[in-house]
Each structure stands twice: as C-alpha cells, then as structure tokens.
Amino acid sequence: MQTKSRIEDVAHAAGVSTATVSRALSQPDRVSEKTRQLVRDAVEKLGYVPNAAGRALASGRTQTIGCVIPTLDLAIFARSTHAMQLVLADAGYQLLVASHNYDHVAELELIKTMQHRGVDALVLVGAQHHAQAWSSLKTWSKPVLLTWVCDERLPSVGFDNQAIAAMATRHLLELGHRKIGMISGYTQHNDRAGQRRLGFLSELEREGLSASAAAVSEQALSIQGGRLGLKALKQRHPGLTALVCGNDMVAIGAILEAQASGLRVPEDISICGIDNHELAGEIKPGLTTVSLPTQDLGRIAATQILQILAGEPVAHQSLLPFHLVQRGSTSQPAAKSSKR
C-alpha cells in the first residue's frame, strides 16, 4: 500500500517549514503567491490531504462557512451563492449550503446543525426568522451575515425591496397605466416578498389610486406561478392593463399565459419583472425589469465574512443599487397610445 503523505513531506518537497505549509493551506492570504504555488505544487505531486479535524483543533476554525437559503430552485439564489462560493474558495474556505423551502422550523434546525458542525460563520437570507433562531444567533460567538435585506440587528448586505417594487410600479404609472395588478411571491416567511408587495401598494396610494389587496395574487415564484397569477387577476379585474411581478420567472409565466389567452404584450397588458434574469432579454417581447446585481451581492457577502473573520471592520448595512431596464413588454395603455 502507498504510504499516506504527511505535512512534513509537503514541507520538504516545497522547501519550506511545516508552519508555512499550514499557513498556506489554512490562511493563504498570510503567505506570498510564490510560496502558495510551491505548496500547491507539492500537495498535488504528493496527493496530500490535510487532516481537517486536526487543523480545526489547532486553529480553532474549520474553514467552513454555512449558508442557509430558502430554496435551491431559484436562479437568483444560485447566482449569488455561486459568486459567494468562488470568493470563499479562493480564500481557502468551503461553503456549506442548505435550503429550507420557506419553512422557519426547518430553517431553525438547519441553523442549529450548522452551528453544531462548527462552521466559522453563517450567512442567512432575509431578517424574518423563527424566534428561537434569533435567540440562538444572539448567543452564538461567531459571525452572522444577513443577505437580500438590510436589518440593524446584524451586519447585512441586501436591497431595499420596497423601493425595488416601487420603481417597477412607478415605471408603469409614468407610462399612463392606472389599473395595475401584482403577482407577488408568498409573503408568509418571506420578508422580501412582503416588502415588495408593500412597495407596490404604497406607490399606488401615492398616486391616489385604490390599493386594494384584491389587486395582488400571491403565487409561487415560478413560470407556473406567473400563469396562475395572471389567470386569477384577470378573472377578478378584467380591466387590468399592467402587471408588476415578484421576479422575472413569474413575469415570463405571465407573458406566456397572456399570449396563450390571446392578449398582446404590451398592447393589451404591460408586464414588468424584477431581477434581470438572462432570459429577460431573450424572450419576445423582451422583458422590462428591475435589474439586481445578485452576483455582486454574493461577492460582497463573502468578502465581508472574510473581513469579519480577520477582525477587520465592515459596514453594518450595505444597500446595493438597482435600476430599471426597459424592453418591449411595457408601453402606454392601448387607449392612450391610440390618441397619439
């Protein structure tokens, strides 16, 4: 049998001390690029596998970051999580990801599991969590970062979700629409969806329009949810001329349903999404949407976690920018356009 390589073998092959090998593997930012490359080459040549348990015992860290997200089924979370993973991996950390499907009890158990596994920090989505989760986080001695929202209770990197929906709604109002509905995500256990719904209704009220809850349909954040939402809203409000959708997949579903039912987009109904998914510019008509820098969110979140672990100060709240991307799915209402 082949003898298992030891850290001493790596040090000898790289021409450095065992302490330098340890630093290069656990804290690569503390050694030069030349030394890191020497150690990497020796590790690859010898097939050396570090003893994670021993390294954690010596350093007090496991080089793992826990990330608990609502679902693995949405592209927005996939993009931000992937960007986070790339930054952490480059710094020698492994990202452990788990999802709870918008179930606060399930999320609580995942948080406890991550803590028991000894992760060095936790990244969570939103600020709406089980009361026991908040208690557990407050007494935990390691860093916690909230994402997708900003909340004064913990360091956070996110968006003003109310303002995002208000921007989409304002765009439709400025085009001349007055009969506007919203297909929202489910607001239970989802503070982002709740804030976007509030932004939509508040913008209508600012315009002096009725903000009846009947103008909102809560659906799954999916293409099927968009189809079902449009059907429900058109049944209750056949005169609707425009829609704000909770994300781009919902908006694409609404466009498909409108086209299948004989409605022209945007002539008969204007539809605006949120996210700027890569499909938004590929469908016909192109989807007007509020663009969110989701990959930037992941990169910034990872960078801030690393800074906190290094004892460096970070902004307590980091609000990220967003902007409207106007494409072909929105226009003036047909009656107003015909008067031009």
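Computed from a predicted structure; not experimentally measured. (Residues numbered from 1 in each chain as written. Predicted model: local features only at pLDDT ≥ 70, side-chain atom pairs only at ≥ 80, totals over all residues. Heavy atoms only, no water.)

So what exactly am I meant to see when it comes to the overall build of the protein here?
Helix and strand content of the protein: 13 helices and 12 strands. With the principal axes as the frame, the protein shows a C-alpha extent of 80 × 40 × 40 Å. Within the span of the protein, comprising 340 residues, buried residues form 49% of the whole. Long-range contacts, defined here as pairs at least 24 residues apart, represent 68% of the contacts in the protein between residues at least 6 apart. Total accessible area computed for the protein in this model is approximately 16100 Å², and 51% of it derives from carbon and sulfur atoms. Between the centroid of the 34 positive side chains of the protein and the centroid of its 30 negative side chains there is a distance of 2 Å. (Helix = DSSP H or I, 4+ residues; strand = E, 2+ residues; numbered from the N terminus. Buried < 20%, exposed > 50% of the residue type's maximum accessible area, 1.4 Å probe, protein only. Contact = heavy atoms within 4.5 Å. Areas by Shrake-Rupley, 256 points an atom, 1.4 Å probe, with all protein chains shown as cover. Lys, Arg positive; Asp, Glu negative; His and termini not counted. Charge placed at Lys NZ, Arg CZ, Asp CG, Glu CD.)

Help me out: how do you make sense of the pairing of strand 10 (residues 288-291) in this one?
A regular strand places its side chains so that they alternate between the two faces of the sheet. Side-chain alternation along strand 10 places Thr288 and Val290 on one buried face and Thr289 and Ser291 on a second face that is also buried. Relative to strand 10, strand 9 (residues 270-275) is paired through four bridges, and the arrangement is parallel. Residue pairing in the sheet places cysteine 272 in a bridge with threonine 288 of strand 10. Strand direction decides the pairing type here: strand 10 and strand 12 (residues 323-325), joined by three bridges, are antiparallel. What sits directly across from threonine 289, in strand 12, is valine 325. (Pairing = 2+ DSSP bridges.)

Help me understand the state of the cysteines, please; the structure alone is not making it clear to me.
Formally, a disulfide is one covalent bond, and it connects the sulfur atom of one cysteine to the sulfur atom of another. This structure, assessed with the given rule, holds zero disulfides. Left without a disulfide partner, cysteine 245 is nearest to the cysteine sulfur of cysteine 272, which lies 8.0 Å away. For cysteine 245, a relative accessible area of 0% puts it in the buried group. (Disulfide = S-S within 2.5 Å.)

Any chance you could explain the packing of aromatic side chains here in plain terms?
Describing an aromatic ring pair means giving the distance of the ring centres and the angle of the ring planes. Counting across every chain of the model gives two aromatic pairs. Between the aromatic rings of phenylalanine 77 and tryptophan 148, the centroid separation amounts to 5.4 Å while the plane-to-plane angle is 80°, which identifies the pairing as edge-to-face. Remark: tryptophan 148 occurs in strand 4 (residues 144-148) and phenylalanine 77 occurs in helix 5 (residues 75-90); sequence separation between them is 71 residues. You'll find phenylalanine 77 and tryptophan 148 in the same group, each marked buried. Taking 5.5 Å as the distance between ring centres and 55° as the angle between the ring planes, the aromatic pair formed by tryptophan 148 and phenylalanine 159 counts as tilted. Of this pair, tryptophan 148 sits in strand 4 while phenylalanine 159 sits in the loop between strand 5 (156-158) and helix 8 (161-174), and the two are 11 residues apart along the sequence. Both residues of the pair, tryptophan 148 and phenylalanine 159, belong to the buried class. Between arginine 153 and the ring centre of tryptophan 134, over which it is positioned, the NZ or CZ distance is 4.0 Å. (Phe/Tyr/Trp six-rings, centres within 6.5 Å; stacked < 30°, edge-to-face > 60°. Lys NZ or Arg CZ within 6 Å of the ring centre and 35° of its normal.)

Help me understand the environment of arginine 170 in this model?
Relative to the helices and strands, arginine 170 is located in helix 8. Of the residues examined, arginine 170 reaches a relative accessible area of 22% and is grouped as partly exposed. Counting along the chain gives 36 residues from arginine 170 to arginine 206, while the straight-line C-alpha distance between them is 9.9 Å.

Explain the pattern of salt bridges to me, please; I cannot follow it from the model alone.
Side chains that differ in charge, positive against negative, can pair when their charged atoms come close. Under the definition given, this model contains 14 salt bridges. Across the pair glutamate 33 and arginine 36 runs a salt bridge, and its minimum N-O distance is 2.6 Å. Of this pair, glutamate 33 and arginine 36 both sit in helix 3 (residues 33-46), separated by three residues, roughly a single helical turn. Ionic pairing is found between glutamate 203 and arginine 170, a salt bridge with its closest N-O pair at 2.9 Å. Here arginine 170 lies in helix 8 and glutamate 203 lies in helix 9 (residues 191-206), a separation of 33 residues in the sequence. Each of Arg170, Arg178, Glu203, Arg206 and Glu207 takes part in a single network of salt bridges with overlapping partners. (Salt bridge = Lys/Arg side-chain N within 4 Å of Asp/Glu carboxyl O.)

Mind showing me how you'd approach the packing of helix 1 (residues 7-14) against helix 3 here?
The angle between the axes and the distance between the axes are what describe a pair of packed helices. One can describe the packing of helix 1 onto helix 3 by two numbers: an axis separation of 9 Å at closest approach and a directional angle of 125°. In this view, helix 1 runs oblique relative to helix 3, as classed from their interaxial angle. Here the hand of the crossing between helix 1 and helix 3 comes out right-handed. Contacts between helix 1 and helix 3 pair Asp9, Val10, Ala13 and Ala14 from the former with Leu38, Val39, Ala42, Val43 and Leu46 from the latter. Within the contact of helix 1 with helix 3, the residues separate by chemical class into eight nonpolar, no polar and one charged. (Axes fitted to C-alpha atoms, helices over the stretch in contact; angles between N-to-C directions. Parallel < 35°, antiparallel > 145°, perpendicular 65-115°, else oblique. Left-handed = near helix turned anticlockwise from the far one by under 90°. Nonpolar A, V, L, I, M, F, W, Y, C, P; charged D, E, K, R; others polar.)

What am I meant to see in the packing of helix 5 against helix 12 (residues 294-309) here?
Where helix 5 meets helix 12, the closest approach of the two axes is 7 Å, and the angle between their N-to-C directions is 40°. Every pair of crossing elements has a handedness; the one defined by helix 5 and helix 12 is right-handed. Across the interface between the two elements, Ile76, Arg79, Ser80, Ala83, Met84, Val87 and Leu88 from helix 5 touch Thr294, Gln295, Leu297, Gly298, Arg299, Ala301, Ala302, Thr303 and Leu306 from helix 12. Class assignment of the residues belonging to the contact of helix 5 with helix 12 gives a composition of nine nonpolar, five polar and two charged.

How should the sheet that holds strand 9 be read in this particular structure?
In sheet architecture, strand pairing relies on hydrogen bonds along the backbone and comes in two forms, parallel and antiparallel. Spatially, six strands are ordered 7-6-8-9-10-12 in an open sheet, and the strand pairing comes out mixed. Because the sheet does not close on itself, it has two edges, and the strands there are strand 7 (216-219) and strand 12. Pairs of neighbouring strands in the sheet enclose a mean axial angle of 20°, with direction left out of account. As paired elements, strand 8 (residues 242-245) and strand 9 share three bridges and run parallel to each other. Paired with alanine 242 across the bridge in strand 9 is serine 270. Against the sheet, helix 8 engages strand 6 (180-185), strand 8, strand 9, strand 10 and strand 12, with an angle of about 165° to strand 8. Relative to strand 9, helix 11 (residues 248-260) is tilted by about 160°, and along the sheet it contacts strand 6, strand 8, strand 9 and strand 10.

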